[in-house]
Structures are given as C-alpha cells and as structure tokens.
Amino acid sequence: MALLHLKNLTKYFGGLTAVDNVSFDVNEGSIVGLIGPNGAGKTTVFNLITGHYVPDQGEIIFNGQNLVKKPTHIIVSLGIARTFQTIRLFKELSVLENAMSGYHCRMKAGIFAGMFKPRWQKREERQAIEIALKELKFVGLDVDLNQKSKNLSYGNQRLLEIARALASSPKLIILDEPAGGMNDQETRELVELIRNIRDRGITVLLIEHDMSLVMDVCEYIVVLDNGKKIAHGAPEEVRENKKVIEAYLGLDEE
Amino acid sequence: MELFFQQLTNGLAIGGIYALIALGYTMVYGVLKLINFAHGDLFTLGAYIGFTLLTSMNLIGKIGPLPTLFLFGIIIMGLVGIAGIVLERIAYRPLRSADRLAAVVSALGASIVISNSIMLIYGARFLVYPHHILPNFTINLLGMKIPFMRIAMLLLSIILMIILYLFVQKTRIGTAIRATAIDHGAARLMGIDVNKIISVVFFIGPALGGAAGFMVGLYYGQLNFMMGWMYGLKAFIAAVIGGIGNIPGAMLGGLLLGVIEALGAAYISTSWKDAIAFFVLIIILIVRPTGILGERVADKI
Amino acid sequence: MNRKYLIWAICLIFFLSPLFLNAYWVDVLNNIGIYAILALSLNFILGDTGLFHMGHAAFFAVGAYTTAILNTMYHIPILFLIPFSGITAAIFAYLVARPIIHLRGDYLLIVTIGIVEIVRIALVNNIFGLTGGSNGIFGISRPHLFGLIIRRPTHFFYYIWIFLAVSVFLFHRLRNSRFGRALNYIKEDEVAAEGTGVDIAKYKLIAFVLGAFWAGMVGNIYASKMTIISPESFTFWESVIYFCIVILGGSGSITGVILGSFLLIGLPELFREFAQARMLVFGLAMIIMMIFRPQGILPPPPRKYNVDQIN
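Here the residue numbers are simple positions, counted from 1 along each chain's written sequence. Each chain takes a letter, starting from A, and each ligand takes a number, starting from 1, following the order in which they are written. Given that the model is predicted, a residue must reach a pLDDT of at least 70 before its local features are reported, and side-chain atom pairs must reach 80 or more before they are shown or counted; all residues, however, enter totals for whole chains, interfaces and linings. Calculated side-chain values reflect all of the structure's heavy atoms, with hydrogen atoms and water omitted.

Engineer: What am I meant to see in the overall build of chain A here?
Structural biologist: Across its full length, chain A carries 10 helices and 10 strands. Note that the radius of gyration is over C-alpha atoms, with the globule rule given as 2.2 Å times the number of residues to the power 0.38. The globule rule puts the C-alpha radius of gyration for 254 residues at 18 Å, and the 19 Å found for chain A is close to it. Principal-axis analysis of the C-alpha atoms places the extent of chain A at approximately 60 × 40 × 35 Å. The cut-offs for exposure are 20% and 50% of the maximum accessible area for each residue type, with area from a 1.4 Å probe on protein chains only; residues under the lower value are buried, those over the upper are exposed, and the others partly exposed. Taking all 254 residues of chain A together, the buried fraction comes to 56%. Note on contacts: a residue pair qualifies if any of its non-hydrogen atoms lie within 4.5 Å across the two residues. Contacts in chain A between residues far apart in sequence, at least 24 positions, make up 67% of those at least 6 positions apart. Only the protein chains shown count as covering a residue, and every accessible area follows the Shrake-Rupley method with a 1.4 Å probe. For chain A, the exposed area adds up to about 11000 Å²; of that, 48% sits on carbon and sulfur atoms. Secondary structure counts use DSSP, requiring at least four H or I residues in a row for a helix and at least two E residues in a row for a strand, with both numbered from the N terminus.

Dropping the structure here:
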C-alpha cells in the first residue's frame, strides 16, 4: 500500500508551471528517488508535500489523510520529516539542541510546565535528550555536543539535519540532496545510513544529483523534467529510458 | 465642497512632501534592504540649514525672493546629500554583511545622534522661519482661494520626482542603481561599483529629503529638532503603501497618504490625525503586504 | 565556586543597599528595576524570538491604565489588580498581534511603532472617557501588604526587586525548557523551525502575550509607585529605551538585560551635568556596539544539559 500518494499535483509561480500534473506513489518501507535536471521542480514537490507551499491543484494523501492546506507543523507531527537542500540548522544553538528540536513535536510542555517544572516535564526533557543522543549516534555523528552547529563540517551538518529529522520519529523522511557537499567517503557512509533508516521501517524519499548514489540506493525512481513526470520505475528501467536520456543530454547541450 | 477641496489641495501639498521623503526610504531600501531610520532626521537637518541660510544671509534684498530660495534649495540639497553619504559610511557600511537587526539598531542610533546634535546646536525650542520672505498671496482656482505656497510645493515635488524618475530610468547610473537593487553580486560582476552606487543613492535620497525639510519650513514656518521623526514615519508608511523599493510607488503612496490624512482630519477627527497613517499602514499590511505597486515574491526555501 | 560566592555577595550587598543609600539613589535603583522587568518581558519577543517589536510601551500602558482606572473608579486594592493588569495587557497584545504576527523584520517593526503611537494618541484623546486625556489619571493608591503601606522608596525597592527576582527565576526556567528553545528555533530560522514541527505563528503569539502580561503587571507597579500616570510615560521613545536595553545588554540574555538596565538607566544619573548630551551618547553607543559587538555586552550563555547522567 502506498504510504504517500500524489495525484495530479500542480503548482504555478506567476506564469511558470513549476509542477505540472505530477502523480506518483511512495510505498511504505521503500527508498524512492526523485531526480531530474536543475529547475525540474523537484524541491517544489518536496515543499508541496511538507506544506511550505499550497498546491494549485491535486491531492497529497499520506497514510490515508489529505495533506493539502495542512500547515507544516501538523504535517511534521503526522510523521513527515525533512532536510533542506541548503542546510538549515539552528546555527547558534548547540549540536545537541539541534537534534532535540526534532523531538519538539512529540513533547507537551508549555509555558506553565516550563516555569514550574512538574515531574512529568523533567521526564519529558530527559527523554528528549535521550532521543537526541540516540539519533546522533545512529547517524554516526561523534562530535562535541555542546559546540554550535555552525562550527561543524559540511558533511556533519548534513548528518545533524538527518538526526534532527529522525528525532521527530517520522514515518517518511524526505532528504533534499543529502550528499551535496560531501566527499566520496562520506557519500558511501550516507548510502549505508539511508539503508539503515529504511531498515528501521522509515520510508525514504530523496532528491539527489549524484546519479551513482541514486542508482545504488533507490528502489524506485521518479524523473521530472520541466515540472512534468517523464518516467518512473526501477533504476535499470529509468536508466534505459529514452526520454530521461534526452532530458539529461538536452541539459548538457546548453 | 469648499472644505473638501481645501483639504484635498492641502493633502496633496503635504503628500508631495511625504512622497519626497518616501523616495529616500524606498531607494535606500531598494539597494540595502534597510529602513534608514535617520532619514527623517536628515529632513530635519534640511529644514535647519534652511533656517541658518535665511537668517544669516540677506540675499533676498539683492536677487529677489524666488532666486534666493532656489539657490538655497540647491545648497541644502547638496549639504544634506553629503550628510547622507557620511551617514552611510559611518553607520551602515561597516554593517553591510551583518545581521539585519544590527543595521536597524545602528540606523536608530544614527537617528538619535543626528536629532540630538541638532538640538545641541540649535536648542530644544521651536524656531521660526523669517516669515516675510514668502509671497503669501492666494490663487483663485475654480472659485476657491488656494494659497500659492501649497500649489508651489506640490508642483515642485512633482518636478523633483519626475527628474528623479527620468534619472533612474534613462541614465547609466540609474540603470546601475536598478541593477544593484536587484542583486549586489550580479551588479558587481557586470562591472558596477556597488559602493559608489550606494553612495549615490545616499546622496539623492537625503538631498530630496533635505529639500522637503526646507519646503516644510517655508510652509509651516516652525521647526523642532524632533519634527523629522513623524514626517519620517509617515513617509516610510507612504513608501510601504506604494510598495517599498518601488519609486513610482513611493510617489503614489505619499500623495495618497497626504490626501487620506487631510480628509480624515477634516471629516473624522483632527485629534486622531496622527493615528490615521498607522491605521492605513496596518490595513495595507494585512490586506496587501507588498503595497499597491509592489510585486509579490515567493519565499525561496 | 568562588564566582558563585562573589555573585551571592553582590546580591546580598545589593539587597542591603537601601540601608546606606539616600532616598534619591534608592529611587534610581527602583527605576532600574522597573526598566529591567520591562526589558526582560520584551526580551521574550525581541531577544529570544528575534521579532523586531518596538511598541512594548503600549502593553505597559494598558496595564498601568487598567490599574489606574479600576483603582480610582472602583477602589479595588492595587495588589488585586496586578494579575488583572497583566491579563488585560495580554488580551490586548493578543488582539493586536494576531493579525500582524506573520509580518517579518522591518514590517513588524514599523507596525509595532504604529501600535504604540495609536495607543498614545488614544490615551491623549481620552478614549471612552476613561483615560483623562493628556493630564492622565491621578490619585492612584499605594499597595497595602499585610497592613504595611508600600510608600517610601525603600519599600518600593524591596517590592520591585523581589518581583524582579521572582520573574528572573521563572524566566530562567522557561528559557531552559521546550518553550524557550522553540522561541530560539524561530529566531534562528523560521523555515527550519516550522519544518521541525514548531507552530511558529502560535509561538510568536505566545511570546507577545507573555511579554505583554509581564509588562502589564509592571504597569500596575509603576502606577502605584507614581500615583499619577499620563500618556507621555508611554511614548514610542520609551519603547526604544527597552529595545536598546535588550540589544545592548545582550539579546536573549537575562543577566545581560539586567546589566543593560543599569547602564542605560543608572549610568546617566552619574553624569547629570551632561543630561543634554545623554541621548547623543546613547545613539553613538548604539552604532559603535552594532559595529564592534552586535551580540551585546553579555550574550546569552549556552544552555547546559545533563548528558552524562543519561549515558
């Protein structure tokens, strides 16, 4: 059964059709890649799923619920977490706090609990730290937890973003170019990490430019070009697909 | 009907002043994305320099009132423009790559410095322009007596605005200003000296603001070191109404705000006059945050 | 450990200071305390959440006028009115902030200036016939506490500074909680905060409401301290002073904001001969600080977590 079901999704920016009647399914427990040349509308699709943009047409069904017009924070609490193409950590906050922030949506304490600190609030705080430590360990981030996140290396910042997303205990994690700025060694470890995430039962949807990574890790690939879906299927099929080759070659000619 | 037209012309005259000041805000916002809080105080500076010139030099007797005022206007625009360049060098340039909040605080600081320097030099009390200098006759328009100054002010504002508009649209420097407003990096790659362009903007905006200050001095005759604050705020509101960063928008917003305020004072309540602009601002920001002529930009994520 | 003793010693000396200071200087300390609580309440909005709010005096005014009106017209005791003033200011903040909460940066700044100006003009215009116009309201009574009338500067010293101490205690805890962190997420990056599940509009609104609640309560203290209030105590320039205290002291830092209050409110008292140039020095300090130390004198310390206990 499809965990995420996109149907006829369309988004206009002024006169530009950024996403044009796109439909595809993401099955539970799979690793799905969304690829396409620059400006194909991949990140826009992500932003539509996570509620940063509202689609002009179409449906986004997640786990049986329509996400259209739901605010982002609700979508997160329903179980979709994401990372950003341009890293968006809380730069001045510590590594630990960044990881803890993911757990925010599973916590309850408000201002009164914050001021008067009843026992359940302390337990909850402790739990947040535990989850954050667990996820930091899971992604393999072994650094000083009290340093500001802006001081981390690029690759480590990407890992911290993934840890933050995982801390919200998502059903689906959306990774926007997770290998961007990583070296070969880091990329290999990332492939491993993505598989481990899936093995925990979390479905993965990712955008990536590194084709070898996509072909290696994804089980199913959707190809966008100019906002339209031009192909989909297993990596081998997509690689042979004429339209896909044209789309990428066409880009090269420019 | 008489009241309506009197208020309308009055509103247009004041609106012209708002528009002139608003141009300074909108141009600076265009190139630096910064509210130049000190802009209103440069307006005040213009009014005070005008006072000094009028009281210290007796040119009127020699070359007549209008040439004198014209000459003084040019001097004021030049001096206040230079003050604008100095302001940018000291208070804004070191903060160009800094956090937005830092620049806003520095702008507020600069505002306080300028207004209080004026106070320390000229004193905290109201000053009065020598009032015999101006032709205070009225002009008969459609059976109504409209003060000459009102019409002169509106015409002068419009002339200055047209000159500015043509400058920005038709000249090389104007093109460079527009390019800088869109993207500093790209402008630099095209060989534009961004620092120079910013200095030009910080000359033109304050020069227009200084001219507006002189006109207000001549129109109302009274000066106070804090006067620039209210005019500045309202002009900024005018710029937001028109669409911040947009030059025709600032002109439209200024005239519109002047008229709304004058009519509101006449038909609603004089004592709420200063609040009207803020109500208009809040409504605009709720209904159409980009202003009347502003373009909508999607947030990039 | 030495540092801790030093801090306690300073606090002790400070709490005993009314015994050896004259009434004038005790009153200066009282003013510092009032500004400190106001600036701390603004700190939620400006320092922790990063919202450019320059209309905080409006909430202070609503609290002060609530107390003044209810006390002079219905003779409700001042102390009873403390929570009431806070709640009125909080409701007011909720109503005005709700439609504008999505505005960012400079737009929010200019609208909040608008709010404080509208409030001041409304007070001058004797809105609803309750505020007494530009003369304001006089004859506000003093707080009665267990039979003691709080009246002298020394009384007010303890009244204000104990209120401040309790506020600091609560604010400090709040900073180290889910709520405090969420405000920082918003300040750091709104999009990422939303993407990690923070309801940013709600949290911004709560920051406003909470800040206004405290400012409203300070309004009560101020009204009973002065016994007469008028619109000129609640101008835009008052808001600028709170704003500067927070920014120069250290955005988001409780100690920094208190230090900022001493510097901005206390220091000018030492240089009264130069009172005329006081604002000029403020302005220069603002520019210089932003260029050389934009984070303020004492930026917030990093939060501490008990990680070892868990490992």
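Engineer: Would you mind showing me how to read the overall build of chain B here?
Structural biologist: A count of helical and extended segments in chain B gives 12 helices and four strands. Here chain B has a C-alpha radius of gyration of 19 Å; the compact-globule value for 301 residues is 19 Å, and the two agree. Taking the principal axes of the C-alpha coordinates as reference, chain B spans close to 60 × 45 × 40 Å. The buried share of chain B, taken over its 301 residues, is 57%. Of the contacts formed within chain B by residues at least 6 apart in sequence, a portion of 77% connects residues at least 24 apart. Each charge class in chain B was averaged separately, 19 positive and 10 negative side chains, and the resulting centres sit 6 Å apart. We count Lys and Arg on the positive side and Asp and Glu on the negative side, and we leave His and both chain ends out. For the purpose of locating charges, the reference atoms are NZ of Lys, CZ of Arg, CG of Asp and CD of Glu.

Engineer: Even after reading the chapter, I still don't get the interface of chain B and chain C, so can you show me in this structure?
Structural biologist: Interface size is commonly expressed as the accessible surface area that is lost when the partners come together. Between chain B and chain C, the residue contacts involve 43 residues of the former and 38 residues of the latter. Across the chain B/chain C interface, buried area totals approximately 3600 Å², and carbon plus sulfur atoms make up 83% of it. In the sections that follow, a salt bridge refers to a side-chain nitrogen of Lys or Arg positioned within 4 Å of a carboxyl oxygen of Asp or Glu. Counting the contacts that link chain B with chain C gives one salt bridge. The salt bridge involving Asp-106 of chain C is made with Arg-100 of chain B; its shortest N-O contact spans 2.7 Å. Whenever two N or O atoms come within 3.5 Å, that pair is a polar contact, provided that in protein one can donate a hydrogen and the other can accept it, and provided that, for residues adjacent in sequence, both atoms are side-chain atoms. In this assembly, chain B and chain C are joined by three residue pairs in polar contact (both at pLDDT 80 or more). Where the side of chain B that touches chain C is concerned, the elements lending two or more residues are helix 4 (65–92), helix 5 (100–122), helix 10 (227–242) and helix 12 (273–287) of chain B. Note on definitions: buried area is the accessible-area loss of two parts on being combined, 1.4 Å probe, summed for both.

Engineer: What am I meant to see in helix 7 (residues 178–188) of chain C here?
Structural biologist: Because an α-helix completes one turn every 3.6 residues, residues spaced three or four positions apart along the sequence face the same direction. Along helix 7 of chain C, nine of the 11 residues are buried, which leaves the element largely enclosed by surrounding structure. Residues of helix 7 of chain C that are buried include every one of Arg-178, Phe-179, Gly-180, Arg-181, Ala-182, Leu-183, Asn-184, Tyr-185 and Ile-186 of chain C, and no others.

Engineer: Help me out: how do you make sense of the sheet that holds strand 4 (residues 57–62) of chain A in this one?
Structural biologist: Whether parallel or antiparallel, the strands of a sheet pair through hydrogen bonds between backbone atoms. Residue and element names in this part refer to chain A. The criterion for strand pairing is that DSSP finds at least two bridges linking the strands in question. Spatially, four strands are ordered 2-1-4-5 in an open sheet, and the strand pairing comes out antiparallel. Single-partner strands in this sheet number two, and they are strand 2 (16–27) and strand 5 (65–66). Taken together, the two bridges between strand 4 and strand 5 define a ladder with antiparallel strand orientation. What sits directly across from Ile-61, in strand 5, is Asn-66. Here an axis means a line fitted to C-alpha atoms, over the contact stretch when the element is a helix, while the angle between two N-to-C directions is reported on a 0 to 180 degree scale. Where helix 1 (residues 42–49) meets the sheet, its contacts fall on strand 1 (2–13), strand 2 and strand 4, and the angle it forms with strand 1 comes to roughly 115°.

Engineer: Please explain unusual backbone geometry as it appears in this structure.
Structural biologist: Across the chain, the bulk of peptide bonds are trans and the bulk of non-glycine residues have phi less than zero. One non-glycine residue, Lys-33 of chain B, adopts positive backbone phi at about 55°. In this structure Lys-33 of chain B comes out as partly exposed when scored by relative accessible area, which is 39%.

Engineer: Would you take a moment to explain the packing of helix 6 (residues 154–166) of chain A against helix 7 (residues 184–199) of chain A for this structure?
Structural biologist: The description of two packed helices rests on the angle between their axes and on the distance between the axes. Residues and elements named next belong to chain A. Two numbers describe how helix 6 lies on helix 7: the axes approach to 12 Å, and their chain directions differ by 5°. By the criterion of interaxial angle, the relationship of helix 6 to helix 7 is roughly parallel. On the side of helix 6, the interface is formed by Gly-155, Leu-159, Ile-162 and Leu-166, while helix 7 contributes Glu-186, Leu-190, Leu-193 and Ile-197. Polarity classes work like this: nonpolar for Ala, Val, Leu, Ile, Met, Phe, Trp, Tyr, Cys and Pro, charged for Asp, Glu, Lys and Arg, and polar for all others, with Gly in that last group. Classifying every residue of the contact of helix 6 with helix 7 gives six nonpolar, one polar and one charged. Any angle between 65 and 115 degrees counts as roughly perpendicular, while under 35 counts as roughly parallel, over 145 as roughly antiparallel, and the rest as oblique.

Engineer: It is not clear to me how the sheet that holds strand 6 (residues 80–82) of chain A should be interpreted in this structure. Could you clarify?
Structural biologist: Residues and elements named next belong to chain A. Strand order in the open sheet formed by six strands is 6-7-8-3-9-10, with mixed pairing between adjacent strands. Two strands bound the open sheet, and with one partner strand each, they are strand 6 and strand 10 (228–233). Averaged over all neighbouring strand pairs, the angle between strand axes comes to 20°, with direction disregarded. As paired strands, strand 7 (residues 172–176) and strand 8 (residues 203–207) are joined by five bridges and run parallel to one another. From the neighbouring strand, Asp-176 faces strand 8, where its bridge partner is Ile-207. In the packing of helix 1 onto the sheet, contacts are made with strand 3 (31–35), strand 6, strand 7, strand 8 and strand 9 (220–225), and the angle to strand 8 comes to roughly 140°. Along the sheet face, helix 6 touches strand 6 and strand 7 and points at about 160° away from the line of strand 7.

Engineer: Teacher, can you tell me more about the interface of chain A and chain C here?
Structural biologist: Contacts between the two partners involve 33 residues from chain A, matched on the other side by 33 residues from chain C. Its largest share of buried area at the contact with chain C, chain A owes to Phe-90, His-104 and Met-115 of chain A, together 22% of the area lost on that side. Our enumeration of links across chain A and chain C arrives at three salt bridges. For Arg-181 of chain C, the salt bridge goes to Glu-125 of chain A, with nearest N and O atoms at 3.0 Å. Seen at the junction of chain A and chain C, the total is 14 residue pairs in polar contact (both at pLDDT 80 or more). Mapped by element, the contributors of at least two residues to the side of chain A that touches chain C are helix 2 (72–78), helix 3 (95–101), helix 4 (111–116) and helix 5 (119–139) of chain A. At six residues, the largest contribution of residues to the side of chain A that touches chain C is made by helix 5 of chain A.

Engineer: Teacher, can you tell me more about the pairing of strand 9 of chain A here?
Structural biologist: On a regular strand, each side chain points to the face opposite its neighbour's, so the side chains alternate between the two faces of the sheet. Residues and elements named next belong to chain A. Judged from the four bridges that link them, strand 3 and strand 9 form a sheet pairing that is parallel. Across the sheet, residue Val-32 finds its bridge partner in strand 9, namely Tyr-220. Where strand 9 folds back on strand 10, the antiparallel hairpin that results is connected by two residues, among which Asn-226 adopts a positive phi of roughly 50°.

Engineer: Would you mind showing me how to read the packing of aromatic side chains here?
Structural biologist: For any pair of aromatic rings, geometry is given as the distance between the ring centres together with the angle between the planes. When two rings of Phe, Tyr or Trp (its six-membered ring) have centres within 6.5 Å they constitute a pair, described as stacked for plane angles under 30 degrees, edge-to-face for angles over 60, and tilted for the intermediate range. Considering all chains together, one arrives at 39 aromatic pairs over all chains under this definition. Relative to Phe-157 of chain C, the ring of Phe-14 of chain C lies with its centre 5.4 Å away and its plane at 50°, an arrangement referred to as tilted. A residue pair is termed long-range when its members are at least 10 positions apart, and Phe-14 of chain C in helix 1 (residues 2–16) and Phe-157 of chain C in helix 6 (residues 153–175) qualify at 143 residues. Pairwise contacts between aromatic rings join Phe-14, Phe-15, Phe-157, Tyr-158, Trp-161 and Phe-262 of chain C into one cluster. Charge-over-ring placement is defined geometrically: NZ (Lys) or CZ (Arg) within 6 Å of the ring centre, and within 35 degrees of the ring normal. The side chain of Arg-88 of chain A reaches across the aromatic face of Phe-84 of chain A, ending 5.8 Å from its centre. The ring of Phe-138 of chain A carries the charged tip of Arg-200 of chain A above its face, separated from the ring centre by 4.4 Å.

Engineer: For this particular structure, what's the right way to read the pattern of salt bridges?
Structural biologist: Side chains carrying opposite charge are able to pair once their charged atoms draw close together. All names here are of chain A. Going through the model one piece at a time under the given rule, you end up with 23 salt bridges over all chains. We note a salt bridge from Lys-228 to Asp-20, for which the minimum N-O separation is 3.3 Å. Residue Lys-228 is located in strand 10, and its partner Asp-20 is located in strand 2; the two are separated by 208 residues in the primary sequence. On the accessibility criterion, Asp-20 (24% relative accessible area) is partly exposed.

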